[in-house]
Each structure stands twice: as C-alpha cells, then as structure tokens.
Amino acid sequence: MPADGAGVRNVVIMGAAGRDFHNFNVLLRNDPAVHVVAFTAAQIPDIDGRCYPAALAGPRYPDGVPILAERELTTLCRDNDVHEVIFSYSDVAHETVMHAASLALAAGADFRLLSPAATMLRADKPVVAVTAVRTGCGKSPVTRHLCAAFLARGIRPVVVRHPMPYGDLERQAVQRFASHADMDAADCTVEEREEYEHLVDAGITVFAGVDYARILAAAQAEADVLLWDGGNNDTPFFRPDVHLTVLDPLRAGHERTYHPGETNLRMCHVAVINKMDTATPEQVATVRASIAAANPAARVLLADSVVEVDDPAAIRKARVLLVEDGPTLTHGGLPFGAAEAAAEMHGAGRIADPRPYAQGSLKQVFENYPHLGKALPAMGYSRRQLDDLEATINATPCDLVLLGTPVRLDRLIRIDRPWLRVRYTYRDRPETEGGAGLADTVLELLDTRP
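First, a word on what this report is: a plain description of the structure on this page. (Residues numbered from 1 in each chain as written. Predicted model: local features only at pLDDT ≥ 70, side-chain atom pairs only at ≥ 80, totals over all residues. Heavy atoms only, no water.)

**A few points about the sheet that holds strand 5 (residues 84-87)**
An order of 3-4-2-1-5-7 is seen for the 6 strands of this open sheet, with the pairing classed as mixed. At either end of the open sheet lies a strand with only one pairing partner, and these are strand 3 (51-52) and strand 7 (110-112). Sheet topology places strand 1 (residues 9-15) next to strand 2 (residues 34-41); 7 bridges connect them, and they run parallel. In the strand pairing of strand 2, valine 12 is matched with alanine 38. On top of the sheet, helix 1 (residues 19-28) reaches strand 1, strand 2, strand 3, strand 4 (65-69) and strand 5; it is set at about 170° to strand 2, its chief contact. Each of strand 1, strand 5 and strand 7 touches helix 4 (residues 94-106); the most contacted strand, strand 7, lies at about 150° to it. (Pairing = 2+ DSSP bridges. Helix = DSSP H or I, 4+ residues; strand = E, 2+ residues; numbered from the N terminus. Contact = heavy atoms within 4.5 Å. Axes fitted to C-alpha atoms, helices over the stretch in contact; angles between N-to-C directions.)

**A closer look at empty space enclosed by the protein**
The final tally for this structure, using the stated rule, is 2 cavities of 30 Å³ or more. Of the pockets and cavities examined, the largest cavity occupies roughly 40 Å³. Around the largest cavity, the lining residues are Val190, Glu191, Glu194, Gly326, Pro327, Ala378, Met379, Gly380 and Tyr381. Among the elements of the structure, helix 8 (190-201) and helix 12 (326-329) are those that each provide at least two residues to the lining of the largest cavity. The element contributing the most residues to the lining of the largest cavity is helix 8, with 3 residues. (1 Å grid on protein atoms, 1.4 Å probe; cavity = no way out; pocket = protein on both sides within 12 Å on 5 of 7 lines; lining within 4 Å. Points joined across faces, edges and corners; volume = space filled by probe spheres on them.)

**Things to note about the packing of aromatic side chains**
Evaluation of the coordinates by the stated rule reveals 14 aromatic pairs. Between phenylalanine 24 and tyrosine 61 the ring centres are 5.5 Å apart and the planes differ by 65°, which places this aromatic pair in the edge-to-face class. Residue phenylalanine 24 is found in helix 1, and its partner tyrosine 61 is found in the loop between helix 2 (54-57) and strand 4; the two are separated by 37 residues along the sequence. Ring geometry for tyrosine 212 against phenylalanine 237: centres 5.1 Å apart, planes inclined by 85°, an arrangement best described as edge-to-face. Of this pair, tyrosine 212 sits in helix 9 (residues 212-220) while phenylalanine 237 sits in the loop between strand 12 (225-229) and strand 13 (242-247), and the two are 25 residues apart along the sequence. Cluster of aromatic residues (ring-pair linked, three or more members): Phe21, Phe24, Phe39, Tyr52 and Tyr61. (Phe/Tyr/Trp six-rings, centres within 6.5 Å; stacked < 30°, edge-to-face > 60°.)

**Overview of the pattern of salt bridges**
This model, assessed by the stated rule, comprises 24 salt bridges. Between lysine 275 and aspartate 248 there is a salt bridge, with the nearest N and O atoms lying 2.9 Å from each other. Placement of the pair is lysine 275 in the loop between strand 15 (270-273) and helix 11 (281-294) and aspartate 248 in the loop between strand 13 and strand 14 (258-259), with a sequence separation of 27 residues. Judged by its relative accessible area of 7%, lysine 275 falls in the buried class. (Salt bridge = Lys/Arg side-chain N within 4 Å of Asp/Glu carboxyl O. Buried < 20%, exposed > 50% of the residue type's maximum accessible area, 1.4 Å probe, protein only.)

**Some points on the side chain of threonine 441**
In this fold, threonine 441 is placed in helix 16 (residues 438-447). Ignoring sequence-local partners within four residues, the contact set of threonine 441 consists of Val270, Arg299, Leu301 and Ala436.

**Focus on unusual backbone geometry**
Cis rather than trans, the peptide bond between histidine 259 and proline 260 has omega equal to -10°. One non-glycine residue, aspartate 91, lies in positive phi territory at about 60°. Note that aspartate 91 resides in the loop between strand 5 and strand 6 (92-93). Of note, the phi angle at aspartate 187 is positive, near 55°, even though the residue is not glycine. For aspartate 187, the position within the fold is in the loop between helix 7 (180-185) and helix 8. By relative accessible area, which is 60% here, aspartate 187 ends up exposed.

Structure, rendered in structure tokens:
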C-alpha cells in the first residue's frame with residue numbers, strides 16, 4: 001500500500017475518546033509500518049486540544065499523539081501527507097460515516113473501518129457482551145438484571161464498561177469503581193456516574209479506562225463472569241461467549257441505518273426487543289423484520305422497560321421539570337426519556353419549559369439539539385456544565401423536578417425544588433418465543449460454550 005519513502009503509512013484516527021484509543025492500543029501502537037499523526041475528536045464537549053500521553057502511546061511516540069478537533073481533518077490530511085483515515089467512533093448514521101469517508105478521500109487519504117474481530121481481546125473468563133443498535137436502547141437495565149441473576153446463582157460478575165476517559169488519560173488508564181468514594185476520587189463526570197453508579201449501588205464492581213488489555217487482566221482476576229457493558233452502540237472490546245444486542249422499537253429502522261449498531265445486530269447471539277410496553281405493533285413488526293433479514297439465527301427475546309418512581313402520587317397535576325439522561329437525548333436523538341414517561345403515566349399537570357432559563361453552556365446544548373423540546377439533558381462533562389445545570393434547574397419555575405438520569409444528581413448539585421428520581425427496570429415479557437427469559441437464556445448459552 002502507498003507509504004512514504006521509508007515505507008511508513010501516516011494515519012489519522014477519527015474518534016470520541018474511547019474506541020479510537022482502543023484501536024490504537026491494540027493494532028497500531030507497536031506497528032513500525034504505521035505512524036499515527038493525530039486523533040480527531042467529536043461528539044463530546046471539550047475533548048479536543050489534548051494529547052494522548054507518551055506513557056500510554058509507547059516508545060514510538062515520545063511526545064504522545066495530539067488530539068485535534070474533527071473539523072481540522074482535511075487540513076490535517078493535506079499538511080501531513082496522510083495516507084489513511086481510520087474511523088473509530090460510534091452511534092452515527094451510515095450517511096455520516098460516508099460523509100467522513102468523502103472528506104478523507106478528497107484529501108488524498110484512504111478511508112478504513114476496522115473489523116470488531118481485529119480489535120477484540122480474548123478473556124480467560126466467560127464474557128457476556130451487552131450491546132445495542134443505538135444509544136438509549138436500555139443496555140444499563142439489561143446489565144443490572146443480569147448481574148442480579150448471576151449473584152442469585154452464586155456467580156460473581158464484574159462489569160467492564162466502555163471507555164469514557166474525558167480527563168487525565170494517564171491517570172485513567174485503569175479505573176476500578178466499587179464505591180461512591182472511588183467515583184469521587186476519580187472526579188467522574190455525570191455521564192460516567194450514569195453508567196457506574198447504579199451498578200456500584202447494587203454491589204457490583206465496575207472497571208473502565210483507556211488500556212483495556214490491562215483492564216481485562218485486572219477485572220478477570222476478580223470475576224467468575226465478565227459483563228461487557230457497551231457504550232453508545234459500539235461493538236465489544238472483548239470476544240464474547242454470549243453477545244446480546246438491545247433494539248429499540250421506538251426508533252424502528254435505526255437498527256439497520258446506524259454504525260456500528262447494524263454490525264451488532266448481525267453479530268449477536270440474542271436480540272432483545274426492549275420497550276415493548278410503549279411501542280406500537282407496527283414498530284415492533286419493523287424491528288422483527290430487521291432481525292429476520294439481518295440475523296435470522298439470533299434468538300429473539302421481548303422485554304419491557306418499566307418506569308419506577310418512589311412517590312407517583314406527587315406527580316399528579318404538578319408542573320414538572322423533566323431532567324433526562326444526557327447522551328440518550330443529545331447524540332442518541334431520542335426526544336424523551338424516563339422522566340417524560342413518568343410524567344405521562346402519573347398525570348402531571350404541565351411540563352415546565354427550561355429553555356428560557358437555560359444558563360451558560362446549556363443554551364448552546366438547546367441550540368445544537370432542537371429536538372430536545374422541553375426536556376433538559378443532564379449535561380455534566382465538566383464542573384462548569386454541572387454549575388450551568390444546577391442554575392438552569394433552580395431558575396426554571398416548577399412544582400417538581402423529575403430526575404430521569406440514573407445518577408444521583410442531588411449528590412453533585414444543589415436542587416432547590418422538590419425532586420423525585422425516575423428509573424427504568426428490565427422485565428421479561430411472558431410471550432417471549434420459547435418462554436425463556438433473559439437470564440435463563442444467557443446461562444444456557446454459557447453452558448454450551450466450548
């Protein structure tokens with residue numbers, strides 16, 4: 001393949017502080033035929049302008065690798081004689097991937113997607129992977145449900161979460177969370193806490209970070225079974241013995257039009273159609289047709305995503321402010337979440353509109369994502385954003401704040417108004433084909449692994 005005079009190919013990795021670092025670590029870091037010029041960053045606020053540190057990049061990169069904004073891709077390719085651009089992030093429409101390809105090709109570079117098989121690490125312990133076709137399909141309740149089922153059978157699960165390293169990368173190389181104190185010490189963002197806290201509260205140890213070979217070694221030393229808890233709709237970093245993919249009929253059709261969600265659908269052993277309790281028969285039929293066309297060998301399970309509120313009577317006729325899971329509503333594209341579902345279910349009087357009262361960075365969030373409407377995403381990638389979220393909540397006139405994010409926001413910000421937490425819980429549907437629920441299906445498949 002074309003390279004420079006020394007036979008080395010200059011490469012740019014397009015990412016979002018997760019899959020990009022993993023691909024570099026597993027395949028490119030020690031390859032003498034490749035020089036990684038830079039990472040580009042997208043999706044997450046304020047993650048560009050950093051450097052992938054030399055301590056993680058290895059001896060071939062004594063100055064580390066710069067992380068630049070994705071908008072600089074064309075100039076970066078042309079100024080550095082880039083031979084290849086590797087696309088390495090998730091939850092984007094197929095059309096968006098091809099727009100990125102067009103930018104790379106026009107700048108004179110090849111465009112490449114790495115196969116999941118090429119980047120999966122092999123564990124010594126059984127691995128169950130929980131993935132999805134889009135952000136916000138309901139992976140977290142599925143993971144929590146499986147952890148409870150394993151514990152009830154005397155099996156010790158450890159969860160390894162998809163990376164969210166938005167701070168000091170060297171310090172975040174290997175992270176272990178078994179308490180709130182661990183999350184406080186790591187200065188976790190709201191997005192991180194949304195994924196870790198509900199598991200830690202259930203007595204489950206969670207690993208995450210940057211270097212997943214080291215993370216795997218540490219996690220499997222504590223586990224009888226590893227649960228890979230995927231981020232967005234990314235493919236697993238570990239080779240799964242059982243691969244679950246969660247589908248969302250409220251976004252029927254997305255399972256075949258988003259990258260790499262369609263890959264998960266085609267790879268999985270078990271396809272879980274979630275949110276059956278709120279989807280229409282037509283939406284479910286569309287998802288079923290997608291499964292039949294893309295992966296007819298997959299087992300199909302049906303599930304409800306049950307909304308739970310501590311004091312539902314308090315919602316009735318109240319003017320409520322809806323605070324929802326951030327990533328699900330922003331780049332996940334859903335216009336509502338658990339808080340709105342609870343408001344409708346329990347007869348809220350009015351929905352308060354936070355947009356006129358949005359503070360600081362939250363104003364830009366509403367401009368960037370006009371589909372949000374009256375839903376306030378729980379943005380907290382930095383202390384500044386948390387302060388803006390606190391100010392927006394407390395400035396919005398309402399009787400009650402419904403917190404539809406899995407994280408305990410009251411531990412991170414001051415909420416001056418009455419509030420209630422809203423949570424989703426996984427529940428098997430009795431009409432599932434074959435009658436077996438999720439936990440029994442997974443255990444059966446694990447028993448038959450080579």
